[in-house]
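# Chains, contacts and geometry: an overview
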Amino acid sequence: MGDTQWTEADDGRNPGTCAVDIINQVNEQFIKHGVKFVIAVGDLTDASSASNVDIRAVYAQALYSAGIGFFPLRGNHDSTDMAEFKRVFPQTRGGPNNATPADALAVANPDAAAVPPVPVRGAPFVVGTNFSSPEGMAGLSYSFDYKNVRFVLLDQFDGRTNTIQPQQSWISEALAGRLRDGHAIVFGHKGLMTEYHSDNLFGPHQDSDPAGTDAFIQSLAANGVRYYVGGHDHMHDLSLVWTHDGVTARVTELVCASDSSKFYLPRRHGWRRWVPGFLIPVLERSRQAPIAQETRTVGYYIFNVDGPRMTVDYYSAPVALSLIDGEWTLTTTPSLMFSRRQTFGYDLRGKEFVVPQGSSYGTVDDAFEGTRARIIDGTSLSDAKDGTGRPFIHAVNTGWSKRSCGTASQELHLWGMATTLGSAKTDTYTLAIAYDDAMAGPVDEAKVVGFGLVTKVDDGRWTNAVDSNAGGTKAFVWGPWRAGYGLGTYGVDARTRSAWAVINHGEDFRVGYFDERRTDEAMRAPTLVIRGNHDLIADPGLATKLTRATHVLEVVIPRATYWAPYEAHRAQVLEETASFLKDS
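Residues numbered from 1 in each chain as written. Predicted model: local features only at pLDDT ≥ 70, side-chain atom pairs only at ≥ 80, totals over all residues. Heavy atoms only, no water.

### Some words on the side chain of threonine 311
Within the secondary structure, threonine 311 is located in strand E17 (residues 309-318). Reaching out from threonine 311, the side chain makes a polar contact with the side chain of tryptophan 415 at a distance of 3.4 Å. In this view, threonine 311 contacts Ile302, Phe303, Asn304, Thr343, Phe344, Gly345 and Trp415; residues no more than four positions away in its chain are not counted. (Helix = DSSP H or I, 4+ residues; strand = E, 2+ residues; numbered from the N terminus. Polar contact = N/O pair within 3.5 Å; in protein donor to acceptor, adjacent residues only side chain to side chain. Contact = heavy atoms within 4.5 Å.)

### Side note on the pattern of salt bridges
In this structure the tally under the stated criterion is 20 salt bridges. One salt-bridge network, in which partners are shared between bridges, spans Glu84, Arg87 and Asp103. (Salt bridge = Lys/Arg side-chain N within 4 Å of Asp/Glu carboxyl O.)

### As for the pairing of strand E25 (residues 411-415)
By the criterion of burial, E25 is predominantly enclosed, with 5 of the 5 residues buried. Here 5 bridges tie strand E24 (residues 394-401) to E25, and the two strands are oriented antiparallel to one another. If you follow tryptophan 400 over to E25, its bridge partner there is leucine 412. Alignment of E25 against strand E32 (residues 507-513), held across 3 bridges, turns out to be antiparallel. Residue leucine 414 lies in a different strand from E32, and its bridge partner there is glutamate 507. (Buried < 20%, exposed > 50% of the residue type's maximum accessible area, 1.4 Å probe, protein only. Pairing = 2+ DSSP bridges.)

### Observations regarding the pairing of strand E2 (residues 69-72)
For a regular strand, the rule is simple: side chains alternate between the two faces of the sheet. Residues Gly69 and Phe71 of E2 are buried on one face, and the alternating residues Phe70 and Pro72, pointing to the opposite face, are buried as well. Looking at chain direction, strand E1 (residues 37-40) and E2 are connected through 4 bridges and run parallel. Within E2, the position partnered with phenylalanine 37 by the bridge is glycine 69.

### Some thoughts on the nonpolar core
Within the largest apolar cluster, 34 residues are counted, with the highest numbers of intra-cluster contacts made by Val26, Phe30, Val38, Phe70, Phe89 and Val298. Only helix H1 (20-33), E1, helix H2 (50-58), helix H3 (61-65), helix H4 (82-88), strand E16 (297-306) and E17 provide two or more residues apiece to this core. Among residues more than four places away in sequence, those in contact with valine 298 are Ile22, Val26, Ser258, Asp259, Phe263, Tyr315, Ser316, Ala317, Val319, Leu336 and Phe338. (Core = buried A, V, L, I, M, F, W, Y, C linked by side-chain atoms within 4.5 Å.)

### Section: the sheet that holds strand E19 (residues 327-329)
Taken together, 3 strands build an open sheet; the order of strands is E12-E19-E18 and the sheet is antiparallel. Edge strands, defined here as strands with exactly one partner in the open sheet, are strand E12 (262-263) and strand E18 (322-324). Taken together, the 2 bridges between E12 and E19 define a ladder with antiparallel strand orientation. Counted as the bridge partner of lysine 262 is threonine 329 from E19.

### Quick look at the environment of arginine 74
Mapping arginine 74 onto the fold places it in the loop between E2 and H4. Note on arginine 74: relative accessible area 0%, which makes it buried. Considered as a pair, arginine 74 and aspartate 43 are 31 residues apart in the sequence and their alpha carbons are 6.0 Å apart. With near-sequence residues (within four places) excluded, arginine 74 lies in contact with Gly42, Asp43, Ser79, Thr80, Asp81, Met82, Phe85, Leu140, Asp155, Phe157 and His189. In terms of polar contacts, arginine 74 uses its side chain to reach the backbone carbonyl oxygen of serine 79, at 2.8 Å. Reaching out from arginine 74, the side chain makes a polar contact with the backbone oxygen of phenylalanine 157 at a distance of 2.7 Å.

### Overview of empty space enclosed by the protein
In this approach, a probe sized like a water molecule rolls over the atoms, and the result shows the empty space that is left. Following the criterion strictly, the structure yields 1 cavity of 30 Å³ or more and no others. Computed from the structure, the largest cavity encloses a volume of approximately 30 Å³. Residues belonging to the lining of the largest cavity are distributed by class as follows: 5 nonpolar, 1 polar and 3 charged. (1 Å grid on protein atoms, 1.4 Å probe; cavity = no way out; pocket = protein on both sides within 12 Å on 5 of 7 lines; lining within 4 Å. Points joined across faces, edges and corners; volume = space filled by probe spheres on them. Nonpolar A, V, L, I, M, F, W, Y, C, P; charged D, E, K, R; others polar.)

### Observations concerning the packing of aromatic side chains
On inspection of all chains with the given rule, the structure shows 29 aromatic pairs. Pairing phenylalanine 131 with phenylalanine 144 gives two aromatic rings, centres 5.1 Å apart and planes at 15°, and the pair type is stacked. Within this pair, whereas phenylalanine 131 is found in strand E5 (residues 129-132), its partner phenylalanine 144 is found in strand E6 (residues 142-146), the two being separated by 13 residues in sequence. Ring geometry for tyrosine 300 against tyrosine 315: centres 5.1 Å apart, planes inclined by 5°, an arrangement best described as stacked. A residue pair is termed long-range when its members are at least 10 positions apart, and tyrosine 300 in strand E16 and tyrosine 315 in strand E17 qualify at 15 residues. Pair check on accessibility: tyrosine 300 and tyrosine 315 agree, each one buried. By way of ring pairs, the aromatic residues Phe37, Phe71, Phe131, Tyr142, Phe144, Tyr146, Phe151 and Phe187 are connected into one cluster. In this arrangement the basic side chain of arginine 296 is found over the ring face of tryptophan 328, its NZ or CZ atom lying 4.6 Å from the centre. (Phe/Tyr/Trp six-rings, centres within 6.5 Å; stacked < 30°, edge-to-face > 60°. Lys NZ or Arg CZ within 6 Å of the ring centre and 35° of its normal.)

### Things to note about the confidence of the model for the chain
Residues at a pLDDT of 70 or more form 91% of the chain, whose mean pLDDT is 90. Note on residues 269-284: pLDDT under 50 across the span, and 29 contacts to partners over four residues away in sequence or across chains. Under a pLDDT of 50 for its full length, residues 516-522 has, in the predicted model, 5 contacts with residues more than four places off or in other chains. (pLDDT = per-residue confidence, 0-100.)

### Thoughts on the sheet that holds strand E10 (residues 236-242)
By definition, the strands of a sheet pair up through backbone hydrogen bonds, in either a parallel or an antiparallel sense. Across the sheet, which stays open at both edges, the 8 strands sit in the order E5-E6-E7-E8-E9-E11-E10-E15 with mixed pairing between neighbours. Where the open sheet ends on each side, the last strands, each with one partner, are E5 and strand E15 (288-294). Along the sheet, successive strands turn relative to each other by an average axial angle of 15°, direction set aside. When E10 meets strand E11 (residues 250-255), the two strands line up antiparallel, connected through 6 bridges. Pairing of leucine 240 across the sheet is with threonine 252, part of E11. Against the sheet, helix H7 (residues 210-222) contacts strand E7 (149-154), strand E8 (183-188), strand E9 (227-230), E10 and E11, and its axis sits at roughly 100° relative to E11. (Axes fitted to C-alpha atoms, helices over the stretch in contact; angles between N-to-C directions.)

### A look at the packing of helix H6 (residues 168-176) against H7
Angle between the axes and distance between the axes are the two parameters that describe a pair of packed helices. It is at 10 Å that the axes of H6 and H7 come closest, and there the two elements cross at 10°. Between H6 and H7, the angle falls in the class roughly parallel. Across the interface between the two elements, Gln168, Ile171, Ser172 and Leu175 from H6 touch Ala215, Phe216, Ser219 and Leu220 from H7. Of the residues assigned to the contact of H6 with H7, the class counts are 5 nonpolar, 3 polar and no charged. (Parallel < 35°, antiparallel > 145°, perpendicular 65-115°, else oblique.)

### A closer look at the environment of glutamine 357
If you trace the backbone, glutamine 357 turns up in the loop between strand E21 (352-355) and strand E22 (365-368). Residue classification places glutamine 357 among the partly exposed positions, given a relative accessible area of 24%. Linking glutamine 357 and serine 404, residues 47 residues apart in sequence, is a C-alpha distance of 36 Å. The residues contacting glutamine 357, other than those within four sequence positions of it, are Ser380, Ser382, Asp383, Ala384, Pro391 and Phe392. Looking at glutamine 357, its side chain comes within polar contact range of the main-chain oxygen of phenylalanine 392, at 3.1 Å.

Right, dumping it as structure tokens:
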């Protein structure tokens, strides 16, 4: 979540210069999503004081009481509250959550009746392992591991340089220590290159420390970090940022939407505030490419990690603002209606392809364990621009999952194709995925009915990829794709052993059968699912996906791998099977 400062007069629901009414509503969303923990990227309050930090800790209790961890950072508005920050958030030094000191929870709160704090429930609990901090910044800058992800949170407010550069050796060391084949995400309050503020991680201007900036980006890239996440700019802004030479290294920068009363709009690109009240021109920021942007919204982000894949969902709620003293603000918080606005992600086994406006998607070409996927036709036709007039680019990422039983290819995940926030629709393009004869069985024109490129729909089923198109005419072709085929055309090319489709949506694809009669029959039959609890091959969510079956029974055998149920637990397997057949 982003900045949570309240900059206007307390309306009876936002005490301690803290946006409590927004925090409470966003916390509700996190609890609904069932997240493991929340990271707050700074400016927890607007006016720096111990009592205001205590107020922020009070309204993190809803997360703790739901068993959810909370890991905060300080921002420039919290920069003088070093001691109290560490005292009320002990989780930054070892992970103990739900351990707010009693006197902090009892802080004077004039709005307690209108926004009652959530009572403390349960005992303290630890989230994360392997905590570390740089010298002199214990509990302020810190890193920790959760499963296969290393999280590095950076506090630049050391009271001396107020830049992150002195911590670079620790940053590189922390990133290098991540799990092999694991992820790492870096968080800070200020950004690298942002749309409103010119001050950043390295000083008061975008070009304050080119060498330090480049060393930081190179360190992230060398250690597999795809995302740098910050706040400070109070808008949703996603972009690629390169080193100063524009080629050596890059990182995706996510600036979080506002969770405060204050909202900024992009200023003229390439200008910075040098002296209060004056704008001084600087060189164009050609080493940054915007991907998406949304302003005047309250928002939050859900990071879903599935082994080597990471998917991020951005949710936001529009708000009506007032222009007060030159700033767009809320004076009271409405009921927030959130919707998912964007999904993006990556796979450690995949690739990223940068596609500028007017360019072909034909550069998207990747392979995994014998399956090749490529876009063989399509052009980025969007003319959308960010708030400073720069055209958006597409950052297309590929990812993979191993094939499921009965399918003819590995599964492709495709992020970054959507052209508009809030919509899954993409430019029209042709996707081709190779299939394996051994997986597919004999494929010829007479037998190809019900076989081709399939995509996953919301209920978990896999259907003909063109059925998810917006518009177009469905038409099958036996043979290769040819220029001029319209949206909805799909086919199988036996010569190249590939299935292709002309589509305008993204996400998950594979090659397989989509004969609805066969699918419906299988899905409606009574089904028994037996697996061992240590089975690394079985899908633990299979039983919940069989939504059409008249009866589903799942039997999980303890202390069993994928083969043990049929050996050491043979008697139980036979008994459960006989009972299921009798009952069905």
